[in-house]
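# Results of the structural survey
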Amino acid sequence: MKVWFVGAGPGDPELLTLKAQRVIAACPVCLYAGSLVPAEVVAGAPVGARVLDTAPMTLDETHAEILAARARGEDVARVHSGDPSLYGAIAEQIRRLQADGIPFEIVPGVPAYAAAAAALGQELTVPEIAQSVVLTRMSMKSTSMPAGETLETFARSGATLAIHLGVRALREIERQLIPHYGADCPVAVAVRVGWPDQMLIRGTLSDIREKVRAAKVTRTALILVGPAMGPQAGFADSALYDAARPHLLRPGKRAG
């Protein structure tokens, strides 16, 4: 018996990996976070499988389901949105599995920031503008942030910021980021990315709050901030394909 932590991607069932599809199709028990994972993602579970939405369940209740599955000798697909390694709340689940001697394996999924960038037609690391992406979140009502992990700290780098759980804290995001990025810094808010009702809102640090409020967005959104989020023009080409810069797989021509 094994527990499989499966990354379901951001919402689009076609963004499941082949391995994720195979695992879901093979497990007699499927536990999925229905508030973030569409039912279509787990529709491939076997006929007669025990498929439960864990959104209203506690950690104790989900673990009890796993213990019951072990007693029956059944594998469990524990399906999470995006990639389980990012805000997946799997660490505490793994701790319990290890305490009970239950083997597990993680199947990575497409993270929301990657799906959002794809939907926006955007590269997040633009040459000479931003070569780093910081994945972070706002604390709000969730677990507090560790000391030192503040937006202001990250903003000093000039990196592209991918901010989770922040759509209700846009005023605070503006306050912390404008001194470092400027009021005209481009911002994109990806709402329910990968779902049929996906919404993409572009703006700047000075106007994105009003645009989001007008769209009546209150949850399930990812905020991308940084100079790289602007028009993909006016920057240097990457050296990767520069004919003047040979490398191992593209040796330079010898002088005649």
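The present account deals with the structure reproduced in this document. (Residues numbered from 1 in each chain as written. Predicted model: local features only at pLDDT ≥ 70, side-chain atom pairs only at ≥ 80, totals over all residues. Heavy atoms only, no water.)

## Quick notes on the sheet that holds strand β3 (residues 50-53)
Filter applied, for reference: By definition, two strands form a pair when at least two bridges between them are found by DSSP. Helix and strand assignments come from DSSP, with helices taken as H or I runs of at least 4 residues and strands as E runs of at least 2, each series counted from the N terminus. Note on method: axes are straight lines fitted to C-alpha atoms, helices fitted across the in-contact stretch only, with angles between N-to-C directions ranging 0 to 180 degrees. What makes two residues a contact is simply this: any of their non-hydrogen atoms within 4.5 Å.
Read across the sheet, 5 strands follow the order β3-β2-β4-β1-β5 without closing on themselves; strand pairing throughout is parallel. Each of the sheet's edge strands pairs with one partner strand only, and the pair in question is β3 and β5 (104-107). Adjacent strand axes in the sheet meet at a mean angle of 15°, parallel and antiparallel pairs treated alike. Note: strand β2 (residues 29-32) against strand β4 (residues 76-80), 4 bridges, orientation parallel. Opposite L31, over in β4, you have R78 as the bridge partner. Against the sheet, helix α1 (residues 18-26) makes contact with β1 (3-7), β4 and β5, and its axis sits at roughly 140° relative to β1, the strand it touches most.

## Notes on the layout of surface pockets
Note the threshold: Buriedness of a pocket was judged along seven lines, with at least five required to meet protein on both sides within 12 Å; pockets are open sets of points on a 1 Å grid over the protein atoms alone, cavities are sets where a 1.4 Å probe fits but cannot get out, and lining residues have an atom within 4 Å of a point. Grid points are joined across faces, edges and corners, and a volume is the space filled by probe spheres set on the points. The start and end points of each domain follow an automatic or database-based domain assignment.
Counted as a void, the largest pocket has a volume near 1,600 Å³. Taken together, 49 residues form the lining of the largest pocket, with S35, L36, S81, Y87 and L165 sitting closest to its centre. Each of domain 1 (3-107) and domain 2 (112-229) accounts for three or more of the residues forming the lining of the largest pocket. Lining the second largest pocket are 11 residues, and of these M145, E149, T150, L151 and Q176 sit closest to its centre.

## Considerations on the side chain of E174
For clarity, the cut-off: Throughout this description, buried means an accessible area under 20% of the type-specific maximum (1.4 Å probe, protein chains only), exposed means over 50%, and partly exposed covers the range between.
Looking at where E174 falls in the secondary structure, it is placed in helix α6 (residues 170-181). Taking relative accessible area as the criterion, E174 reaches 10% and is therefore assigned buried. Beyond its immediate chain neighbours, meaning those up to four positions away, E174 contacts P179, L205 and R209.

## Regarding the environment of V217
Position of V217 among the secondary structure elements: in the loop between α7 (208-214) and β10 (221-225). Sequence separation between V217 and M199 is 18 residues, and the spatial gap between their C-alpha atoms is 9.3 Å. Apart from the residues within four sequence positions on either side, V217 is in contact with V167, V191, M199, I201 and V212.

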